Protein chains: 2
Amino acid sequence: MRITEAVVTPVAMKDPPLRNVNGVHQPFALRAVVQLRTDDGLVGLGETHGGKAVLDELRAAAPALVGLDPFDLNGLARVAGVRARGAFEVACWDLQGHATGRPVVDLLGGRVRDAVPYSGYLFFKYAGDDGWGEALTAEGIVDQARRMVDRYGFRSLKLKGGVLPAMSEVEVVLALREAFPDHPLRIDPNTGWTMDTSVQVAGRLAGTLEYLEDPVAGIPAMAELASKTEIPLATNMCVTAFEHLPPAVAAGAVQVVLADHHYWGGLRASLELAAVCRTFGLGLSMHSNSHLGISLAAMTHLAAAVPELTYACDTHYPYTIEDIVAPLSFVDGALPVPDGPGLGVMLDEDALARLAEQYDTCGFDTRDDVTPMRAIDPQWTPELPRW
Amino acid sequence: MRITEAVVTPVAMKDPPLRNVNGVHQPFALRAVVQLRTDDGLVGLGETHGGKAVLDELRAAAPALVGLDPFDLNGLARVAGVRARGAFEVACWDLQGHATGRPVVDLLGGRVRDAVPYSGYLFFKYAGDDGWGEALTAEGIVDQARRMVDRYGFRSLKLKGGVLPAMSEVEVVLALREAFPDHPLRIDPNTGWTMDTSVQVAGRLAGTLEYLEDPVAGIPAMAELASKTEIPLATNMCVTAFEHLPPAVAAGAVQVVLADHHYWGGLRASLELAAVCRTFGLGLSMHSNSHLGISLAAMTHLAAAVPELTYACDTHYPYTIEDIVAPLSFVDGALPVPDGPGLGVMLDEDALARLAEQYDTCGFDTRDDVTPMRAIDPQWTPELPRW
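1. Describing the side chain of E272 of chain B
- Its location among the elements puts E272 of chain B in helix 11 (residues 267–279).
- The class for E272 of chain B is buried, based on a relative accessible area of 12%.
- The contact partners of E272 of chain B, leaving out residues within four places of it in the chain, are A275 and R278 of chain A together with F242 of chain B.

Written as structure tokens, this is what we have:
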């Protein structure tokens, strides 16, 4: 089995006006969809971040994939950089699954769980044509959480923070705790806080959070904060590649690494990350960006095969308004592993064409949360820490 | 595909009287061969250490394998401990290969090399019915090395040390250097030396050795020695499980880890070890015990899939007098990856029966290098360090 064609399709999907420390989501989130075709007529699917920089990497690597055996992940690593591999490698696993009649989870070592728990991802947001309404206060967030829990059954609840003054966000977390006494809680201000603020927040929320994600920037600052709180610190910002692990381990900077196959180099690299975390006593959870169903399927097959992934994984999928595969459904807060073979998702060519056209017409080719925020607040600046 | 039967067969293979710091090899080396049969008529092969303790573990795990999908390595890990997994997991990969029509190397990520370089393993030894003759002096070892190089084309040469006084072994290494100016050299006294001796040896052999293996015992002593020499230190004794890696990394105790799928938990665990070594800047080589062709095939598929395995792997195979698969042949110091599917080796049932009978009649069920040494030297004691 050899790859005969690697097709890269940039897409833009409608995205709600979700707030974060940098500003607000644009009306469309950019993604890239890859399709690998083989000489025996199979098609493998992958998905990753969109935008010009990633697209350039995907398109640069694509021609070198022709002739490659989809089982040859070492060969793929020789021709595709880490980010391109995050998309193409998933498509190779999908092909391996189709070729062997196996769901991807089987090829990753077998399922340790039949359904993968996800967290309810809570965002401060403006009203939009997205069914979620405005949420800019504690009441709004608790209401959003209530709907997340009622609709999907999520257990862990994660608040994207860094939006309100930190002590106001503490009040939001405490309101969530009151409304959901038994749901594990997380907050992620994306390095929007100073050290002093972070220490204060940690003091207020000790015993309340299952982990505190990226309050401050960089391994040394995270290590300093870790020495001052018993709340486990999580990151998808200061440990985003294997080379960050030795200094993070040496400094004791983080207790939970948020895996993300899109930028760690794929599913196999994620299994390797899990092995490093297990070996060095680090917890493992999973990070998310706005994404479509292909990524969700890949995340689910991966998480189903990793015993150490005991934290609920993050996902933006409840905010995904339009998809290019049949929508995947959460049951009791978890996504059942899609039936194989491969990823177990089938591409809707018409939907892909529509989202591809949307990409061509949306008016931008790079994610930028600052410009739309400036349309609301002309004084807005992306400088951090903000609080 | 489900496993219907797990058969464990203890075998004894003729073994030359090879010397080491503990004494001398018994006339037979003990191994265990496992066969996994499936409901679709496939058979997967594995091999590991023999002797009562391992056999007990294999036999205790065997019944729990019935009903398992050979792709479900996570399921295997739930029912088999690390050592039992080292054998059964290889048999699962062999089955996966047969089921998919793929050589195991493909399922491990694809070949980064078509043939795996092995080292010429040099032993002080007594004369025996093994074709190698006596080697108890520098001349004998150089002669042995010459035959290793001429017959098999090995590049790296490894001397099993700890047998003669350390400074005499230094002279043997220097004689090898003179005879083979371009061959990488190693010596492994199996923790037979004191710290002072090790420092002295390292002083004499700096610039001569590619690495120095287990001169002293334990992570703290290896770390102390590492601070006193620029020769990379290698180990298969103080880092033999994942839990040893954090203290070894923190102390800077070793520069090269010698992988061994038999006791690290199989091929997948070995890939994980490789990932940890890559992440933390440790070198990777491969350890060997006396073994048959099934183990050699498994080592070769694994090593062919690991980019970081740039050191030649150790093997006792040139001393293997009788095998239970068709003998594998080195070409230019390397073993071509056996053609698949699976491990690419076929069991000779008659040979297996003969070696199994040999196990029943050899008179011992536990490796013991001390007793046969005492038959030669009644004062022999296994106390270390010896020199």
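2. What to know about the side chain of D130 of chain B
Residue and element names in this part refer to chain B.
- Relative to the assigned elements, D130 resides in the loop between strand 7 (120–123) and helix 5 (138–152).
- For D130, a relative accessible area of 13% puts it in the buried group.
- In terms of polar contacts, D130 uses its side chain to reach the side chain of K125, at 2.9 Å.

3. Thoughts on the nonpolar core
- Counting 267 residues, the largest nonpolar core has F88 and I324 of chain A together with F88 and I324 of chain B as the members making the most contacts within it.
- Once you skip the residues sitting within four places of it in the chain, I324 of chain A turns out to touch V33, L292, I294, M346, L347, D348, A351, L352 and L355 of chain A.

4. Quick notes on the relation of the copies chain B and chain A
- In screw terms, the move from chain B to chain A is a rotation of 180° and a rise of 0.0 Å along the axis, fitting with an RMSD of 0.0 Å. Taken together, the rotation and translation relating the two chain copies correspond to the operation of a two-fold axis.
- Here 100% of the contact residues of chain B are again contact residues in chain A; the copies associate through an equivalent surface.

5. A look at the sheet that holds strand 7 (residues 120–123) of chain A
Residues and elements named next belong to chain A.
- Spatially, seven strands are ordered 7-8-9-10-11-12-13 in an open sheet, and the strand pairing comes out parallel. The sheet is open, and its two borders are formed by strand 7 and strand 13 (283–286), each paired with just one other strand. For this sheet, the mean angle separating the axes of adjacent strands, direction not counted, is 25°.
- Bridge count for strand 10 (residues 209–213) against strand 11 (residues 233–235) is two bridges, and the pairing is parallel. Counterpart to E213 in the pairing with strand 11 is A234.

6. Focus: the confidence of the model for chain A
- Across chain A, the average pLDDT comes to 98, with 100% of residues at 70 or higher.
- Overall fold confidence (pTM) sits at 0.98, and the ipTM for the predicted complex is 0.97.

7. Description of the packing of helix 7 (residues 195–205) of chain B against helix 8 (residues 219–226) of chain B
All names here are of chain B.
- Running from amino to carboxyl end, helix 7 crosses helix 8 at an angle of 35°, the nearest separation of the two axes being 10 Å. Classified by chirality, the crossing of helix 8 by helix 7 is right-handed. Note on element contacts: helix 8 touches helix 7 through A221, E224 and L225, opposite M195, S198 and V199.
- The class makeup of the residues in the contact of helix 7 with helix 8 is four nonpolar, one polar and one charged.

8. Focus on the packing of helix 6 (residues 166–179) of chain B against helix 7 of chain B
Residues and elements named next belong to chain B.
- Look at helix 6 against helix 7: their axes get within 10 Å of each other, and the N-to-C directions meet at 20°. What the angle tells us is that helix 6 and helix 7 run roughly parallel. Helix-helix and strand crossings are classified by hand; for helix 6 and helix 7 the assignment is right-handed. Here A166, M167, V170, E171, V173 and L174 of helix 6 come into contact with helix 7, specifically with T197, Q200, V201, R204 and L205.

9. Here we look at the packing of aromatic side chains
- Inspection of every chain in the model, using the stated rule, returns 21 aromatic pairs over all chains.
- On the basis of an interplanar angle of 80° and a centroid distance of 5.6 Å, the ring pair of Y152 of chain A and F330 of chain A is categorised as edge-to-face. Residue Y152 of chain A is located in helix 5 (residues 138–152), and its partner F330 of chain A is located in the loop between helix 12 (293–304) and strand 14 (334–336); the two are separated by 178 residues in the primary sequence. Take Y152 of chain A and F330 of chain A: they sit in the same class, and that class is buried.
- Between W132 of chain B and Y319 of chain B, the ring centres sit 5.6 Å apart and the planes meet at 50°, which makes this aromatic pair tilted. One end of the pair, W132 of chain B, is in the loop between strand 7 and helix 5; the other, Y319 of chain B, is in the loop between helix 12 (293–304) and strand 14 (334–336), with 187 residues separating them in the sequence.
- Take Y319 of chain B: its relative accessible area is 2%, and that puts it in the buried class.
- Across from the ring centre of W132 of chain B, 4.5 Å away, lies the NZ or CZ of R151 of chain B, which sits over that ring.

10. Side note on the interface of chain B and chain A
- With 29 residues of chain B at the contact, the number on the chain A side is 29 residues.
- Here chain B meets chain A over a buried area of about 2200 Å², counting both sides, of which 54% is carbon and sulfur.
- Linking chain B with chain A are four salt bridges.
- Residue D69 of chain B pairs with R102 of chain A through a salt bridge whose shortest N-O separation is 2.5 Å.
- The interface formed by chain B and chain A holds 14 residue pairs in polar contact (both at pLDDT 80 or more) in total.
- Those elements that provide at least two residues to the side of chain B that touches chain A are helix 2 (73–79), helix 4 (104–107), helix 9 (245–251) and helix 11 of chain B.
- Among the elements that line the side of chain B that touches chain A, the one with the most residues is helix 11 of chain B, at six residues.

Procedures and definitions
- Residues numbered from 1 in each chain as written.
- Chains lettered and ligands numbered in written order.
- Predicted model: local features only at pLDDT ≥ 70, side-chain atom pairs only at ≥ 80, totals over all residues.
- Heavy atoms only, no water.
- Helix = DSSP H or I, 4+ residues; strand = E, 2+ residues; numbered from the N terminus.
- Buried < 20%, exposed > 50% of the residue type's maximum accessible area, 1.4 Å probe, protein only.
- Contact = heavy atoms within 4.5 Å.
- Polar contact = N/O pair within 3.5 Å; in protein donor to acceptor, adjacent residues only side chain to side chain.
- Core = buried A, V, L, I, M, F, W, Y, C linked by side-chain atoms within 4.5 Å.
- Least-squares fit on C-alpha atoms with pLDDT ≥ 70 in both.
- Pairing = 2+ DSSP bridges.
- Axes fitted to C-alpha atoms, helices over the stretch in contact; angles between N-to-C directions.
- pLDDT = per-residue confidence, 0-100.
- Left-handed = near helix turned anticlockwise from the far one by under 90°.
- Nonpolar A, V, L, I, M, F, W, Y, C, P; charged D, E, K, R; others polar.
- Parallel < 35°, antiparallel > 145°, perpendicular 65-115°, else oblique.
- Phe/Tyr/Trp six-rings, centres within 6.5 Å; stacked < 30°, edge-to-face > 60°.
- Lys NZ or Arg CZ within 6 Å of the ring centre and 35° of its normal.
- Buried area = accessible area lost by both parts, 1.4 Å probe.
- Salt bridge = Lys/Arg side-chain N within 4 Å of Asp/Glu carboxyl O.

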